[in-house]
Amino acid sequence: METHKKITIGLFGFGVVGEGLYKILQQTPSLNATVKKICIKNHEKKRNAPASLFTTDKNELLNDRDINVIVEVIDDADAAFDIVTTALNNRKEVVSASKKMLAEHLPELLDLQKRTGQSLLYEAAVCASIPVIRNLEEYYDNDLLHSIRAIVNGSTNFILTKIFEEGLSFRQALTLAQQAGFAESNPVLDIEGFDAVNKWALLLTHAYGITEHPSAILFSGISNIHAEDAFVAQSKNQQIKLVAQAQKLKNGKVAAFVLPQFVKQEDHLSFVKNEYNGVEIESGFADKQFFYGKGAGSFPTASAVLSDISALRYHYHYEYKKLYHHQPHELSNDFYLRVFISFEDLDVVPREKFEWIEEWHSGEERKYLVGVISYDELKNNNWWKEHKISLILTPDPVIEDITIRKLKKKSLELAGIFS
Ligand SMILES: NC(=O)c1ccc[n+]([C@@H]2O[C@H](COP(=O)([O-])OP(=O)(O)OC[C@H]3O[C@@H](n4cnc5c(N)ncnc54)[C@H](OP(=O)(O)O)[C@@H]3O)[C@@H](O)[C@H]2O)c1
């Protein structure tokens, strides 16, 4: 694309994000970008734009030589993959917001970008309005990135905020999130953690050069969190958040997971309420930095899409520096997590799987324990997602080395003090 060439957009999707983008583009004439055609699924729906713009034939956009940028903001990951790959093969630049599609097909999309030389940008796919992908690519282009902790799903954060602060039930809070356009069309993607782990897989690529499929990452959502867990959190002056975390370990690998976590009052993430997202980055010399902004919604998400479109005017593409110019990191499964587990029936909790148990509480309806367990045990088994068990990480949950603790336990056992 020539410098500052006029951008002619073929837009796929006219829902929350697509319509938001269309409206924003009307207000930013300086961008010199126009929407030539919009492809949607259902021709019968009433639209807030001239009828002549709409089609249901994707080829009208993909084969139009005037269209040099395809913006894909639809809610069907399979169709999105087909659209994005065809567009790149047809030598068009692409902007996408489909984290599921991107995370599940990243290796193929990396190859395709290399082969075609076309740019694929997707800032809106992670934390919507927060420019975290470009920051990780450009600013944190070094080896000193110790950790990233983030709230990446606006919908679950909105639900948790409404439950904690307004005492709404889970169902009431979910309905509110859907009405406000924060929840995915299929809410299971949000509340079971799929959306968050898809985003996390993408961020791991830009942070550490890791290109794992989301299924390689330990995750869960918020649907198992029990009202009593919220009381426990409140009694400790903490909150429960769905936290995505990645942390460089002493062995040079990266511990990564997306799980509910207790966060202390002074934690940056505890300030993140409702549909907002937050990202805390800790690096070698700068210490902690915190990004905060709207992680969902029409205009906030469209603003990130707009920024990508604007970046295409000066030929911006992700260099995937951590992947191609550094030694990429690997995911580790060799670490332990300190977890809180609440449940009704102790028999369904395999206590022998814990390295040790630090706290135990038995209430009338529910009981809970705090203990240390290996990442592998959680990754390879599902008992902690079943039988009305709720698992929440404690603050600072990663434990790299348990040798000393094991030796102490052994010597206490030998002395007959502990069995
Ligand atoms: N909403 C957010 O806050 C947010 C934030 C970040 C990222 N995203 C991502 O952005 C994308 C769009 O989300 P959204 O909330 O805007 O979804 P949405 O409101 O449900 O709208 C989806 C749009 O896609 C169209 N569509 C579906 N399948 C299609 C196909 N095969 N061909 C052409 N159009 C098709 C639909 O057409 P009809 O109008 O005819 O039904 C609709 O206009 C998703 O990937 C989502 O994960 C959303």
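Above: the structure in question.
Residues numbered from 1 in each chain as written. Predicted model: local features only at pLDDT ≥ 70, side-chain atom pairs only at ≥ 80, totals over all residues. Heavy atoms only, no water.

Draft legend 1. Highlighting the site of the ligand. In the vicinity of the ligand lie 26 residues, with Val 17, Asn 42, Lys 45, Arg 47 and Gly 297 positioned nearest. The backbone of Asn 42 places a nitrogen or oxygen atom 2.7 Å from an oxygen atom of the ligand. A distance of 2.8 Å is found between an oxygen atom of the ligand and a side-chain nitrogen or oxygen belonging to Arg 47. Protein contact buries 87% of the 910 Å² of open area that the ligand shows by itself. In terms of residue class, the shell around the ligand is made up of 11 nonpolar, 8 polar and 7 charged. (Near = heavy atom within 4 Å. Polar contact = N/O pair within 3.5 Å; in protein donor to acceptor, adjacent residues only side chain to side chain. Areas by Shrake-Rupley, 256 points an atom, 1.4 Å probe, with all protein chains shown as cover. Nonpolar A, V, L, I, M, F, W, Y, C, P; charged D, E, K, R; others polar.)

Draft legend 2. Here's a closer look at the side chain of Lys 37. Note on placement: Lys 37 falls in strand S2 (residues 33-39). A residue is classified by how much of its surface remains accessible, and Lys 37, at 18% relative accessible area, is buried. A distance of 2.9 Å separates the side chain of Lys 37 from the backbone oxygen of Ser 52, its partner in a polar contact. For Lys 37, the contacting residues outside a window of four places in its chain are Ile 9, Gly 10, Leu 11, Ser 52, Leu 53, Phe 54, Thr 55, Glu 60, Leu 61 and Ile 67. (Helix = DSSP H or I, 4+ residues; strand = E, 2+ residues; numbered from the N terminus. Buried < 20%, exposed > 50% of the residue type's maximum accessible area, 1.4 Å probe, protein only. Contact = heavy atoms within 4.5 Å.)

Draft legend 3. Layout of the nonpolar core. Membership of the largest hydrophobic core comes to 114 residues, with the highest contact counts inside it found for Val 71, Tyr 122, Trp 200 and Ile 309. For this core, the element with the highest residue contribution is helix H10 (residues 194-208), accounting for 9 residues. Filtering out sequence-adjacent residues up to four positions away, Trp 200 remains in contact with Ile 148, Ala 150, Val 152, Ala 244, Gln 245, Ala 246, Ala 256, Phe 257 and Val 258. One finds Phe 257, Phe 354, Ile 373 and Leu 378 within the second-largest nonpolar core, a separate group that totals 22 residues. (Core = buried A, V, L, I, M, F, W, Y, C linked by side-chain atoms within 4.5 Å.)

Draft legend 4. Just the packing of aromatic side chains, in detail. Within this structure, the stated rule accounts for 16 aromatic pairs. Summarising the aromatic geometry, the rings of Phe 14 and Phe 54 are spaced 5.0 Å apart at their centres and angled 80 degrees between planes, so their arrangement reads as edge-to-face. Of this pair, Phe 14 sits in the loop between strand S1 (7-12) and helix H1 (16-26) while Phe 54 sits in strand S3 (residues 54-55), placing them 40 residues apart in sequence. No difference in accessibility class separates Phe 14 from Phe 54, as the two residues are buried. By the ring-pair criterion, three or more aromatic residues cluster together here, those being Tyr 122, Tyr 316, Tyr 318, Tyr 320 and Tyr 324. The residue whose ring lies beneath Arg 134 is Tyr 316, and the NZ or CZ to ring-centre distance is 5.3 Å. Looking at Lys 385, its charged tip hangs above the ring of Phe 219, at a distance of 5.3 Å from the centre. (Phe/Tyr/Trp six-rings, centres within 6.5 Å; stacked < 30°, edge-to-face > 60°. Lys NZ or Arg CZ within 6 Å of the ring centre and 35° of its normal.)

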